[in-house]
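Chain residues, written in single-letter form:
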Amino acid sequence: MNSTVVTFPDGHVTGRSEIVGVVPVGARHGLVVAETPFHPLDHTWPDQPADLGTLGGLPVVDCVTGAWADQEGLRLGPDIPVRRGADGWEWLVVHVTETPLPVGETVDLVVDAGHRAALSAGHTACHLAALALNAALAGHWRKEAARDGLGHPDFDQAAITSSRITPDGSVDVYRLGKSLRKKGFPGDDLDLDRVAADANERLAAWVAAGAPVRIDVPGRWLTARRTWHCALPEGEVSIPCGGTHVARTSELGSVTVALSREDATLTMRTTVTR
Ligand SMILES: [Zn+2]
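Note that this is a predicted model, so its numbers are computed, not measured.

A. Layout of the side chain of aspartate 172. Tracing the backbone shows aspartate 172 in strand E12 (residues 169–175). It is arginine 164 that comes nearest to the buried, bridge-free aspartate 172 among opposite-charge side chains, at 8.1 Å. Engagement of the side chain of aspartate 172 in a polar contact is seen with the side chain of serine 170, the distance being 3.3 Å. With near-sequence residues (within four places) excluded, aspartate 172 lies in contact with Cys126, Ile160, Ser162, Ser163, Leu266, Thr267 and Met268.

B. Expanded view of the coordination of the zinc ion. Taken together, the protein ligands of the zinc ion are His123 (NE2), His127 (NE2) and Cys241 (SG), with distances of 2.1 to 2.3 Å. Considered as a linear motif, the donors of the zinc ion on their single chain read H-x3-H-x113-C. Residue histidine 123 and its partner histidine 127 are both found in helix H1 (residues 113–137); the two are separated by four residues, about one turn of the helix. Accessibility assignment for this pair places histidine 123 and histidine 127 in one class, buried.

C. Fine view of the sheet that holds strand E16 (residues 255–262). Strand order in the open sheet made by the four strands is E11-E12-E17-E16, with antiparallel pairing throughout. A single partner strand is all that each edge strand has here, and the edge strands are strand E11 (160–166) and E16. Strand-to-strand twist of the sheet, defined as the mean angle between neighbouring strand axes without regard to direction, takes the value 15°. With seven bridges connecting them, E12 and strand E17 (residues 265–272) associate as antiparallel partners. When the sheet's bridge partners are listed, glycine 169 is paired in E17 with threonine 271. Along the sheet face, helix H4 (residues 192–208) touches E16 and E17 and points at about 160° away from the line of E16.

D. A look at the nonpolar core. One finds Phe155, Trp228 and Leu232 to be the most contacted residues of the largest nonpolar core, which totals 43 residues. Elements that contribute at least two residues to this core include exactly H1, helix H2 (155–159), H4, strand E13 (213–216), strand E14 (227–232), E16 and E17. The element contributing the most residues to this core is H1, with 10 residues. Of all hydrophobic cores here, the second largest spans 22 residues; its members include Ala67, Trp91, Leu101 and Val111.

Rules and cut-offs
For every chain, the first residue of its written sequence is number 1, and the numbers climb from 1 along that sequence. Confidence filtering applies because this is a predicted model: local features only for residues at pLDDT of at least 70, side-chain atom pairs given and counted only at 80 or more, and all residues used for totals across whole chains, interfaces and linings. As a rule here, side-chain values cover all heavy atoms of the structure and leave hydrogens and water aside. Elements are defined by DSSP. Helices are runs of H or I of four residues or more, strands are runs of E of two residues or more, and each kind is numbered from the N terminus. We call a residue buried when its accessible area falls under 20% of the maximum for its residue type, exposed when it is over 50%, and partly exposed in between, using a 1.4 Å probe and counting protein chains only. Charge counting treats Lys and Arg as positive and Asp and Glu as negative, with His and both chain ends excluded. In what follows, salt bridge is the name for a side-chain nitrogen of Lys or Arg lying within 4 Å of a carboxyl oxygen of Asp or Glu. The definition of a polar contact used here is a pair of N or O atoms within 3.5 Å, where within protein one atom must be able to donate a hydrogen and the other to accept one, and adjacent residues in sequence count solely through side-chain atom pairs. Whether two residues are in contact is decided by their heavy atoms: any pair within 4.5 Å suffices. For Na, K and Ca the donor cut-off is 3.2 Å; for every other metal, N, O and S atoms count as donors within 2.8 Å. Water does not enter the count, which can leave sites looking incomplete. A pair of strands is treated as paired once DSSP finds two or more bridges between them. Fitted lines through C-alpha atoms serve as axes, helices being fitted only where they are in contact, and the angles separating the N-to-C directions of these axes extend from 0 to 180 degrees. The set of buried Ala, Val, Leu, Ile, Met, Phe, Trp, Tyr and Cys residues whose side-chain atoms join them within 4.5 Å is what this entry labels a nonpolar core.

Structure (structure tokens):
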């Protein structure tokens, strides 16, 4: 099996392709096609959930990343022993169904467009929220730090431990502890209400600006190093990203964040109201 060609970075939700492999996924079946519009959950940074939909008319109940190498055979999701895109492996989109279909059959692939649109909105909002949070926290740094595309210290990159996209939202978890303190972010005098209000003001302006969003797609394979670009009024920003997005920030309607803290864990909940 060769690495799967993916069309979701260009916004596609339908396709037609040949089944090139069928593998067991527990008691279910993992169908691999040559080219798919389905976005699978990534195994290295599992932020955007799998697309739902149908393959050959069968419900796709899950969609996971697979990696295949001569000596190793096929590994799925968390069992993949190498990082995303590692050389020597073929990278596959594995569509999980309750019933198998034969290799060689050509099938229609149809992604649940409403679910995808909600995840795309959540994912774009997640990136914007990270940039807004970086800006709102900029005054709290005590040392020079790596900066984001808008020139603010990149709190998001320095502190994030997990990011989960949801339909029309996201939940990002940050670790404020000793190592961040050493990097120059003490984090003990944070007024979370003020920080959230500052971030929300920026988010409102960015949504109102209708800034264009695009994905740079350097290759057709699942693990090509794609980049999210957004032309904000302050300047164009880019973030490495394997997910899907809206085409303009105005499609988000409104984006707001809420911050909460428990000991050294800061949680940002982002909500889109389209
Ligand atoms: Zn992303």
